[in-house]
Structure formats: structure tokens, C-alpha cells
Amino acid sequence: MRGTRTNVDVGGVLHAGRELAVREDVGVPDFASYRFAAPADASLVIRRLGRGIVMRGTIEVEAEGECARCLDDVRLPLHLDVHETIEPAGEREDPLGESNVLSGDELDLQDLVRQLIDSALPYVLVCSENCRGLCTDCGLKRDGACRCPHPE
Ligand SMILES: [Zn+2]
Ligand SMILES: [Zn+2]
């Protein structure tokens, strides 16, 4: 993962109305109980909209975490369809704070991608909707090593 910020100069979009295509590997910092072993693959087209920008495209990333029930490692591939409008910083109060990713002509691509991924992650990660978690008697997986008799 790259520790540097991935800033994109969108001056040509904002001032000349040019379209900008961006394809970047964007490092994603760990978030809550999620880890990201590989950078996100962000493919975006940026256009001017009013005094801000609008971007469309996709973000591909694989989140890794623990099943909330059985604690197994879970890999969660995410495919995000992006359609975001971003106003220049200071234009208005944005409760989501997304406007702060655009400062002058600089778009903080890493922060934007991080926010989009964070909002797409499930609140509770499970390996399977049917996961029955850990046995309260032996502590092993109820669907796996546990051999305790369980009245169903
Ligand atoms: Zn599980
Ligand atoms: Zn058991």
C-alpha cells in the first residue's frame, strides 16, 4: 500500500471543461475491522458540473475481515458503481464531508475512494448468512469442528 496521498489535478476539468479519465491503483487504509491487502482499482471519468465536478466509473477492491460469528477470515470483493457529484470545498456544508476531497484544483482521490469504500462495506461481516458461529460449550465452529450434541 502506498502511504502517499493520490492527488489528481482537475484544473482542466474545472476551468476548461475538459473530460478527465483516471485509472489509478489507490491504497486504502484499514478501516474498522477491515483490511485491504491490495490497492483499489479506480477507473473514473471526471467532468465539470456547475462549479464542481461529477465522476462516473467503477472501483474494484477486496476487503478482508473476520466473520462476526465464527471469526473465520472472510474475503469480500467489492464492485462499486460510482456516480458522485462533488462541490468545491466551502461552497456549502456537506454532512458527509465529501466536499473536502476537492480543494482548489486538487482532488484527493485516495480520500474519495476511501470514503466510497467505507460507505459500501457491510456493517456486520459474516462468512455466510447461514453461519452458526462458535459453540458456546467448546468454542469451536458449530458448522465445523464442534462435536457437541446440540438440541436444534
Ligand atoms: Zn462465520
Ligand atoms: Zn461444541
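Let me sum up the structure you'll find in this document. (Residues numbered from 1 in each chain as written. Chains lettered and ligands numbered in written order. Predicted model: local features only at pLDDT ≥ 70, side-chain atom pairs only at ≥ 80, totals over all residues. Heavy atoms only, no water.)

### Here we look at the coordination of the zinc ion (ligand 2)
Then, number 1: Taken together, Cys 135 (SG), Cys 138 (SG), Cys 146 (SG) and Cys 148 (SG) make up the full set of protein donors to the zinc ion (ligand 2), lying 2.3 to 2.4 Å away.
Then, number 2: Its four donor atoms give the zinc ion (ligand 2) angles of 106 to 113 degrees at the centre, a pattern that matches the tetrahedral case.
Then, number 3: Along the chain, the residues donating to the zinc ion (ligand 2) are arranged with the sequence spacing C-x2-C-x7-C-x1-C. Of the two residues, Cys 138 is situated in the segment after helix H2 (109–120) and Cys 148 in the segment after H2; the sequence distance between them amounts to ten residues.
Then, number 4: The partly exposed category is assigned to Cys 138, whose relative accessible area is 34%.
Then, number 5: We classify Cys 148 as partly exposed; its relative accessible area is 25%. (Donors = N, O, S within 2.8 Å, 3.2 Å for Na, K, Ca; no water. Tetrahedral: all angles 85-135°; square planar, octahedral: opposite > 155°, others 65-115°. Helix = DSSP H or I, 4+ residues; strand = E, 2+ residues; numbered from the N terminus. Buried < 20%, exposed > 50% of the residue type's maximum accessible area, 1.4 Å probe, protein only.)

### Observations concerning the sheet that holds strand E1 (residues 7–9)
Then, number 1: In space, the three strands of this open sheet follow the order E1-E7-E6, with antiparallel pairing throughout. Edge strands, defined here as strands with exactly one partner in the open sheet, are E1 and strand E6 (102–103).
Then, number 2: Across three bridges, the pairing between E1 and strand E7 (residues 106–108) is antiparallel. Bridge pairing in E7 links Asp 9 to Glu 106.
Then, number 3: Sheet strands touched by H2: E1 and E7. Its angle to E7, the strand with the most contacts, is close to 40 degrees. (Pairing = 2+ DSSP bridges. Contact = heavy atoms within 4.5 Å. Axes fitted to C-alpha atoms, helices over the stretch in contact; angles between N-to-C directions.)

### Focus: the coordination of the zinc ion (ligand 1)
Then, number 1: Those protein atoms acting as donors to the zinc ion (ligand 1) are Cys 67 (SG), Cys 70 (SG), Cys 127 (SG) and Cys 131 (SG), and they sit at 2.3 Å.
Then, number 2: Because the angles between the four donor atoms bound to the zinc ion (ligand 1) fall within 105 to 114 degrees, the donor set is best described as tetrahedral.
Then, number 3: The sequence motif formed by the donor residues of the zinc ion (ligand 1) is C-x2-C-x56-C-x3-C. In this pair, Cys 70 is assigned in the loop between strand E4 (52–66) and strand E5 (73–86) and Cys 127 in the segment after H2, connecting sequence segments 57 residues apart.
Then, number 4: According to the relative accessible area criterion, Cys 70 is buried, its value standing at 4%.

### Concerning H2
Then, number 1: With twelve residues, H2 extends 17 Å from end C-alpha to end C-alpha; this agrees with the ideal 16 Å at 1.5 Å per step.
Then, number 2: Judged by how many residues are buried, H2 sits mostly within the fold: nine of twelve residues are covered.
Then, number 3: Along H2, the residues that are buried comprise Leu 109, Gln 110, Asp 111, Leu 112, Val 113, Gln 115, Leu 116, Ile 117 and Asp 118.
Then, number 4: In this structure, the buried residues of H2 make contact with E1, strand E2 (20–26), strand E3 (40–49), E4, E5 and E7.
Then, number 5: Where H2 starts, the residue carrying a side-chain oxygen 3.3 Å from the main-chain nitrogen of Gln 110 turns out to be Asp 108. (Expected span 1.5 Å × (residues − 1). Polar contact = N/O pair within 3.5 Å; in protein donor to acceptor, adjacent residues only side chain to side chain.)

### Focus on unusual backbone geometry
Then, number 1: Even without being a glycine, Ala 32 presents a positive backbone phi close to 50 degrees.
Then, number 2: The residue Ala 32 is located in the loop between E2 and E3 in this model.
Then, number 3: According to the relative accessible area criterion, Ala 32 is exposed, its value standing at 72%.
Then, number 4: Positioned with a positive phi, Leu 71 is a non-glycine residue whose angle comes to about 70 degrees.
Then, number 5: If you trace the backbone, Leu 71 turns up in the loop between E4 and E5.

### Observations concerning the sheet that holds E3
Then, number 1: In space, the four strands of this open sheet follow the order E2-E3-E4-E5, with antiparallel pairing throughout. Taken across any chain shown, the strands that pair with only one partner, and hence form the sheet edges, are E2 and E5. Across this sheet, the average inter-strand angle for adjacent strands is 20 degrees, counted without regard to direction.
Then, number 2: Across seven bridges, the pairing between E2 and E3 is antiparallel. Bridge pairing links Ala 21 to Val 45 in E3.

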